[in-house]
Amino acid sequence: HGHHHPATMEQVKQVVDETLRYAIARASSTLTSVQRNAFHQESVFEVQSYLIGVIEASVAVLGGPGVTSYGKDIINIILTILHSPNIAAHEDCLRTAGQMAQEIGADFSGYMAHIWPYLGGYLKDVNRGSSYMTAVLAISDVARAIEGRILNYCDDIVGSLLSALSSPTLESRAKPPTLSCLGDIALAIGGRFTRYAEPTMTLLEQATLFDMPSILDDTIPAQTMLRNDLWEGILVAYSGVIMGLREAPPVQFANLVKVHMATMLGFIRKISETFVSVDGSPRYGLEPVLRASCGLLVSA
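Calculation rules
Residues numbered from 1 in each chain as written. Predicted model: local features only at pLDDT ≥ 70, side-chain atom pairs only at ≥ 80, totals over all residues. Heavy atoms only, no water. Helix = DSSP H or I, 4+ residues; strand = E, 2+ residues; numbered from the N terminus. Buried < 20%, exposed > 50% of the residue type's maximum accessible area, 1.4 Å probe, protein only. Contact = heavy atoms within 4.5 Å. Axes fitted to C-alpha atoms, helices over the stretch in contact; angles between N-to-C directions. Parallel < 35°, antiparallel > 145°, perpendicular 65-115°, else oblique. Left-handed = near helix turned anticlockwise from the far one by under 90°. Nonpolar A, V, L, I, M, F, W, Y, C, P; charged D, E, K, R; others polar. Disulfide = S-S within 2.5 Å. Patch = residues over 30% accessible without salt bridge, like charges linked within 9 Å, V, L, I, M, F, W, Y side chains within 5 Å. Areas by Shrake-Rupley, 256 points an atom, 1.4 Å probe, with all protein chains shown as cover. Salt bridge = Lys/Arg side-chain N within 4 Å of Asp/Glu carboxyl O.

Novice: How do you make sense of the overall build of the chain when you look at a structure like this?
Specialist: Looking only at helices and strands, the chain features 12 helices and zero strands. The order of α-helices and β-strands along the chain, N terminus first, is α-α-α-α-α-α-α-α-α-α-α-α. Principal-axis analysis of the C-alpha atoms gives the chain an extent of 60 × 50 × 40 Å. For the chain, the residues scored as buried account for 49% of the 300 residues in total. Partitioning the contacts of the chain with sequence separation of at least 6, the portion at a separation of at least 24 is 75%.

Novice: Just checking my understanding: could you explain the packing of helix H7 (residues 154-165) against helix H9 (residues 194-209) for this structure?
Specialist: Pairs of packed helices are described in terms of their axes, by the angle between the two and the distance that separates them. The contact between H7 and H9 brings their axes to 11 Å, and the two run at 15°. Relative to H9, the element H7 is oriented roughly parallel. The element H7 and its partner H9 pack so that their crossing is left-handed. Residues Cys154, Asp155, Val158, Leu162 and Leu165 of H7 pack against Arg195, Tyr196, Pro199, Thr200 and Leu203 of H9. Classifying every residue of the contact of H7 with H9 by side-chain character gives seven nonpolar, one polar and two charged.

Novice: Quick question: what am I supposed to make of the state of the cysteines here?
Specialist: A covalent bond between the sulfur atoms of two cysteines is what we call a disulfide. A complete count under the given rule lists zero disulfides for this structure. Looking at cysteine 93, it has no disulfide partner, and the nearest cysteine sulfur is the one in cysteine 181, 19 Å off. Cysteine 181 gets classed as buried once you look at its relative accessible area, which sits at 0%.

Novice: Looking at this structure, how should I read a nonpolar patch on the surface?
Specialist: Judged by side-chain polarity, Met9, Val12 and Val61 come together as a nonpolar surface patch covering roughly 210 Å² of accessible area. If you trace the backbone, valine 12 turns up in helix H1 (residues 9-32).

Novice: So what exactly am I meant to see when it comes to the pattern of salt bridges here?
Specialist: Side chains that differ in sign of charge can pair as their charged atoms come close. Applying the stated criterion to the full structure yields seven salt bridges. Close ionic contact of aspartate 184 with arginine 144 constitutes a salt bridge, the shortest N to O distance being 2.9 Å. Taken together, the residues span a long stretch of sequence, with aspartate 184 in helix H8 (residues 175-189) and arginine 144 in helix H6 (residues 130-146) at a distance of 40 residues. Judged by its relative accessible area of 13%, aspartate 184 falls in the buried class. Residue classification places arginine 144 among the partly exposed residues on the basis of a relative accessible area of 48%. Overlapping salt bridges bring together Glu56, Asp92 and Arg95 as one network.

Structure below.
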């Protein structure tokens with residue numbers, strides 16, 4: 001037998017491209033199929049969920065150049081499913097939209113007007129379940145992709161994020177991505193974030209005072225992880241906001257940021273004291289939080 005050569009990336013991409021084309025065609029046909037009965041509809045929904053998963057994975061493998069030509073088709077499928085009662089597939093659609101944004105970058109802004117009603121809707125959802133979190137992560141992807149072009153949506157986005165963070169019902173695990181998303185928005189729109197700076201900084205200051213709820217007592221590591229993620233989220237938000245505001249006039253920057261320096265440094269001190277444990281060995285989960293602290297100090 002000859003040697004088995006591992007498939008080259010090109011060959012892999014070719015297979016994935018064919019898979020993607022098949023999934024797009026198949027998904028498109030489910031969108032127009034006439035629902036015969038509830039049972040039939042159920043199976044169509046399942047197939048759609050599966051196909052969206054295939055599309056999402058394919059987009060990640062093929063990257064920008066490979067998916068640009070399918071952009072319209074993919075977004076069309078996402079929009080049609082988001083508009084349908086197939087709730088189970090909605091989160092996959094939001095995730096796929098975020099993935100598309102990551103891959104096609106600034107070009108995603110052309111689809112934003114169509115997808116915004118759904119992203120914004122899930123962002124405003126007061127129950128803020130997992131679909132809220134998925135929307136937040138997708139908006140972070142979009143902000144990084146289209147940068148300043150996200151400005152028109154920022155009143156809604158920042159308003160929703162701030163009200164989520166001040167809501168007593170927001171799940172602990174949803175706080176870090178919500179905080180990071182604020183930082184991503186600030187980085188995306190730069191100096192134009194000044195209009196949101198005051199309420200955001202005030203909220204971040206309140207967030208630094210959160211101490212983890214004692215109800216999470218089942219296993220301490222889980223509690224520590226949550227707390228570390230929260231701290232990392234706060235630091236990421238702070239550094240995003242500071243770097244964004246850097247582009248504002250110096251006097252305005254000084255007025256908005258200097259007031260909060262003491263809080264930020266106090267917060268970093270609190271973190272460093274927490275992590276240096278009694279026996280001097282560094283604690284669990286130290287690294288991402290330390291990296292984020294350094295990021296904040298550098299940007300400030």
